[in-house]
Amino acid sequence: MLGLYEVFYAGYLFLRLITAAILIYCVLSWFRPTFRAFYMLRAFIQPFISPFQKLSLKVMQYFRAPLDFTCLFALIGYQLVERLWWRLYLLLARVL
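Report follows, based on the coordinates. Fair warning: this is a prediction, and the values are worked out from it, not measured in the lab.

## Quick word on unusual backbone geometry
- For R64, which is not a glycine, the phi torsion comes out positive at approximately 55 degrees.
- By the secondary structure assignment, R64 is in the loop between α3 (53-63) and α4 (70-95).

This is the structure we're talking about:
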């Protein structure tokens, strides 16, 4: 049976996997990727970065900048979720 720490550590590893995948996707997107692995990576991370696309579009329109900040906002967002994740663990560990 999994303990509380193992469950939270698995969630932490999943968040780190998403963060690493977003970083790899960003670096690969600077080049002209035509290989299949890039499209599979994009299909994997698209559900995780799509909530940040509206925010990025608003920033692009406000500053009239032709840069897409979606991945940057996603990385910041997942870092915040990761910190809150461990705070929740500490809170539950004290209560239980």
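## Description of helix α1 (residues 4-30)
- Taking 1.5 Å as the rise per residue, α1 with 27 residues should run 39 Å; its terminal C-alpha atoms sit 40 Å apart, in good agreement.
- Three or more residues of α1 are buried, namely F8, G11, L15, I18, T19, A21, I22, Y25 and C26.
- In the core, the buried residues of α1 are packed alongside α2 (36-49) and α4.

## Let's talk about the packing of aromatic side chains
- By the definition in use, this model includes 17 aromatic pairs.
- On the numbers, 5.6 Å between centres and 90 degrees between planes, the contact of W86 with Y89 is edge-to-face. Within this pair, W86 and its partner Y89 are both found in helix α4, separated by three residues, close to a single helical turn.
- Here W86 falls in the partly exposed class, since its relative accessible area comes to 22%.

## With respect to the environment of P47
- Along the chain, P47 falls in helix α2.
- In this structure P47 comes out as exposed when scored by relative accessible area, which is 53%.
- Sequence separation of P47 and L57 is ten residues, and the distance between their C-alpha atoms is 17 Å.

Each value, and the rule that gives it
- Residues numbered from 1 in each chain as written.
- Predicted model: local features only at pLDDT ≥ 70, side-chain atom pairs only at ≥ 80, totals over all residues.
- Heavy atoms only, no water.
- Helix = DSSP H or I, 4+ residues; strand = E, 2+ residues; numbered from the N terminus.
- Expected span 1.5 Å × (residues − 1).
- Buried < 20%, exposed > 50% of the residue type's maximum accessible area, 1.4 Å probe, protein only.
- Contact = heavy atoms within 4.5 Å.
- Phe/Tyr/Trp six-rings, centres within 6.5 Å; stacked < 30°, edge-to-face > 60°.

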